[in-house]
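Now for the letters of each chain:
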Amino acid sequence: MTAPPHRHPLVAFCWLQVGLAAVLVSLMFANVVTRPWMGFEYSRVDGRVQDVVEGSPADRAGMRVGDRVLSIAGHRVGPGVIPLFFERAGEPVAVITANEGVLQVTPIPFEEMRRLGLRGNVARVLQSLHSYLTFPLHLWMLALGATLLRLRGPSKDARLAALVMIYWAGGVFFYPAAGVGAMLASWPPSLRLAIYLIDAAFIAAFFAACVHFAIVFPTDYTQKQPRAWGLVPWIVAVPIFLEAASAGILRANGSVARARTIISDPYSTIGTVMLLSALAILAFRFVRISEVNPRRRIKLVFLSMLPGVVTFTSGYLVNLLQLGHTASLTVRMLHTPATILGSAIFAYAVVRHRMFNIRVLVRRSIQYALARGTLLVLLSLPVIGLVVYLYAHRRDSLAVLLTGQPAVYLVLLVPLVLAVRYRKTLLEALDRKFFREQYDARQLLLHVVSIIRGGSDMLILSRAAIEEIDKALHPVHISLWHLDPDGAELHRGFVRGQNTPHEAHPLPTSSMLATLLANDDEPLDVHSRLTRSVLGRLPEHDREWLRQARAALLVPLLIEKRLAGLMVLGERMSEEPYSREDRELLRTLAAQLALTLDYSRLKQSPSLVWSPPTHTPVHTFVNDALRLCPACGRCYPQEQPRCDYDGQPLVPESGVPRIIEEKYVVTKLLGRGGMGSVYLATQKRLNRPVAVKVLLAHLVGSSSMRTRFEREARIVARLRHPAIVTIHDFGVLPSGHAYLVMEYLDGETLRKTIVEGPRTMEAALEILRPVGDAIDAAHRVGVVHRDLKPENIMIVRERDSPALEPRVLDFGLAKMTGPIGDDEATVVQSGHSAGVVGTLMYMAPEVLSGKHADARSDQYSLALIVYELLSGEHPLGTATDLASVVRGHTEETFVSIRQRAPHVPERAAEAIHRALEKDAANRFETVADFIAALR
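From a predicted model like this one, the values you see are computed outputs, not experimental measurements.

Visitor: Residues and numbers for the overall build of the protein chain, please.
Guide: Helix and strand counts for the protein chain come out as 33 helices and 28 strands. The proportion of buried residues among the 935 residues of the protein chain is 50%. Excluding contacts between residues fewer than 6 apart, the proportion of contacts in the protein chain whose partners are at least 24 apart in sequence is 64%.

Take a look at the structure:
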């Protein structure tokens, strides 16, 4: 589920500013329509009349260009003085000039002025049309800001970009606008003052947000941003706010004069300097950044800001040099379209996290569009000809049309039939011509898959795969990483590419990055906006590995959720992003390559070259080899050729004897996974069924996997609880496989119970009470499970009893937080161990953030199981991709369980959501407290 963007506190603050900006824009619209206007322009410095509109109130009163205005409405003209601030349209105003004396001018609404201008000369028409763009432009900027917040609210880039748009839209300059005082006259003084101050804040904040954005964009996880520099522009913009705020305070007190400031016109002076600084910072960072995609985004932002900054600076120079009304109007008219175009490009650069060379895109798009359009026009010509012919003979009867000129129909209808018949073939041929690279890439990658499926030589297949992928996708570099013999690290093997990174440090399989890759076979696009938040939470050593590897796409090679290898691809030479089809084909290829890699590693594993122990005769292992029925899974001794039940020929089960250590007789295969197999066996002395879990030898060859296997045996054997599966024995077979003997449970996992549908509270508690007690018992002796999920809870139903007996399984990932009893040897993993383990869908937020799991982490996982058991659905819904799952655990708020399961009591729902708190400190102290709250 996706949480609404406003749930983030900073996004909520931005939405508040959107609301304030919307209020200011609405007031501006009301003012634009009713603003008093007299129809002349004059210099604020000497009062000289620069322009008089024909037919305007000033023209009718006798005012002419060149007259010198002394005062308007009793206010002496001068810089910053707004004589009509408190005046209304329709009320006469006294204008005193040096030439004509006192003139009585009755202002008209600004809307009438615009209609009057549309009937004037070209300059007047353009000026009126430009004035009509003012309000839509503010709406446009406000809508862009709101859209950025909605689409990319959690992203700092998007929030800052949205603030730039919002501040631009909300800075409507009330203090120098005629008629605003009269419009707000009925408002309470405090509310009027608040409007002026908010307007002033938005005016100043626009420049600060622009410079701040230039300093940090793009806030990519690979960059270390100087946070302190982000505060500098906000401090520099303070004088702009003080000037506008001072003017607003004066207006609130009834004055039309300008506030005195140390810097003359700080808005124009400091604002111009800040905008030019933003461009300079972007240019400097463009030169310093080496990554192609960030450079391209910065370049696009620079180009989007350039027209607006140039026109704003030109306006400042025009006013500074007093070049006159015509020059000022020209600059304003250029500024509006520059702002509209620039803001759209600006927003595109922010939203589009991954982009490629725009020239390639435009050129190819135009070529394709023209070619396809030309083809469609040619296909349409017969239809057009037929329509023209019928129209020209519209007065003829149907009989004349059908019999008079049959040749015309042949000429027109035959091409029409052919066009309809072969249009699909022609269009597909066109697609192949203009998208030949993508077509060839698909064929090459499918060819690689077929090569891998047909062979098993890892050396040849890996080299072939690397070469063919290079031909198909043209990455700057590509490398294949494989596990070391211990399975502890991934090392770079095959490499291809001219720009291959020299540094290639191994990637530990215990790292958070490797764990995330192992949870999803979908290739991980490093530059995708969906993965940015996930990668941003990686430990520094993982991010450093990504930088050193110059990775653009990571393709995991998985065997049963186990990372068997990794493909690392750099940027494409064409600088285009990897498409969805590219990633899907690479995923298919990786699945096939992983099988081959794992099989090759298994064959080469030293543990499979069996050397019998000195105390065990060779014939003991050979003669006691197990044979398996591939149909039913039943097991037989070496000498039996066929299954007694279905007659199928038996196949040898490599490395597993029929009788284990003269104590356990293996009778049936129960299940098989990427790590090994589970068999049903009979304990000879007690004649009872047991389950034997066998770990493959090449995994036991890894010290970390051997430790995990032994840890599970030692931990679970010392836990005493009826809801925890009992461990009887463990050891290592002569073949090198390790085995674990545990009680045999005849039942089904909790996953099947969940799939059958939601459970009532009473039915759920029947399962949860013993499970919670078992987990709490483990916590009390210092054991944290770390991998609680429905698949690790078995539901056993005893014969002739309706009672359910759940069991908690698989303590292979358990962590010891303290010794059990007096035996210090049982502390098999200290609290300082690093690495992320567990199942992603049930992993606590603190574990995903790289912190250590504790009892409250198990409580979080158990709460997810409770949620799923009661509602029939995981809190994350159907989301399974890596980015969505991690974001759901760490950032987003889960949907209330009562929305999906109304039958859950309110207090129980509160308990579940408390156990699902993102902050572990807000959860229950113990699992026992959580279960008690559920009751």
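Picking up where we left off.
Visitor: I'd like a description of the packing of helix H27 (residues 761-780) against helix H33 (residues 927-934), backed by residues and values.
Guide: Angle between the axes and distance between the axes: these two values describe a pair of packed helices. For the pair H27 and H33, the least separation of the axes is 8 Å and the interaxial angle reads 165°. Between H27 and H33, the interaxial angle falls into the category roughly antiparallel. Here the hand of the crossing between H27 and H33 comes out left-handed. Mapping the contact onto sequence places Met-761, Leu-765, Leu-768, Arg-769, Gly-772, Ile-775, Asp-776 and His-779 in H27 and Val-927, Ala-928, Ile-931 and Leu-934 in H33. Taken together, the residues that form the contact of H27 with H33 break down as eight nonpolar, two polar and two charged.

Visitor: Talk me through the sheet that holds strand E9 (residues 477-483); I want residue IDs and the actual numbers.
Guide: Overall, antiparallel pairing links the six strands, which are arranged E11-E10-E9-E14-E13-E12 in an open sheet. Either end of the sheet is taken by a strand with one partner, and the two such strands are strand E11 (507-508) and strand E12 (524-525). Sheet topology note: the strand E13 (residues 553-559)/strand E14 (residues 562-569) ladder contains seven bridges and is antiparallel. Residue pairing in the sheet places Leu-558 in a bridge with Leu-563 of E14.

Visitor: I'd like a description of the confidence of the model for the protein chain, backed by residues and values.
Guide: Residue-level pLDDT values for the protein chain average 78, and 75% of them are 70 or greater. Contacts of residues 1-6 to residues separated by more than four positions or lying in other chains number 15 contacts, the stretch itself having pLDDT below 50.

Visitor: Which residues make up a nonpolar patch on the surface, and what values do they have?
Guide: On the surface, Leu-118, Val-122, Leu-126, Leu-129 and Tyr-132 cluster together into a nonpolar patch covering about 430 Å² of accessible area. Relative to the helices and strands, Val-122 is located in helix H4 (residues 122-132). Here Val-122 falls in the exposed class, since its relative accessible area comes to 62%.

Visitor: Run through the pattern of salt bridges, naming residues and quoting values.
Guide: A full pass over the atoms with the stated rule returns 20 salt bridges. Put simply, Glu-111 and Arg-114 hold a salt bridge, and the shortest N to O gap is 2.6 Å. Of the two residues, Glu-111 and Arg-114 both sit in helix H3 (residues 110-117), three residues apart, roughly one turn of that helix. The residues Glu-111 and Arg-114 share a single accessibility class, namely buried.

Reading the values: the criteria
- Residues numbered from 1 in each chain as written.
- Predicted model: local features only at pLDDT ≥ 70, side-chain atom pairs only at ≥ 80, totals over all residues.
- Heavy atoms only, no water.
- Helix = DSSP H or I, 4+ residues; strand = E, 2+ residues; numbered from the N terminus.
- Buried < 20%, exposed > 50% of the residue type's maximum accessible area, 1.4 Å probe, protein only.
- Contact = heavy atoms within 4.5 Å.
- Axes fitted to C-alpha atoms, helices over the stretch in contact; angles between N-to-C directions.
- Parallel < 35°, antiparallel > 145°, perpendicular 65-115°, else oblique.
- Left-handed = near helix turned anticlockwise from the far one by under 90°.
- Nonpolar A, V, L, I, M, F, W, Y, C, P; charged D, E, K, R; others polar.
- Pairing = 2+ DSSP bridges.
- pLDDT = per-residue confidence, 0-100.
- Patch = residues over 30% accessible without salt bridge, like charges linked within 9 Å, V, L, I, M, F, W, Y side chains within 5 Å.
- Areas by Shrake-Rupley, 256 points an atom, 1.4 Å probe, with all protein chains shown as cover.
- Salt bridge = Lys/Arg side-chain N within 4 Å of Asp/Glu carboxyl O.

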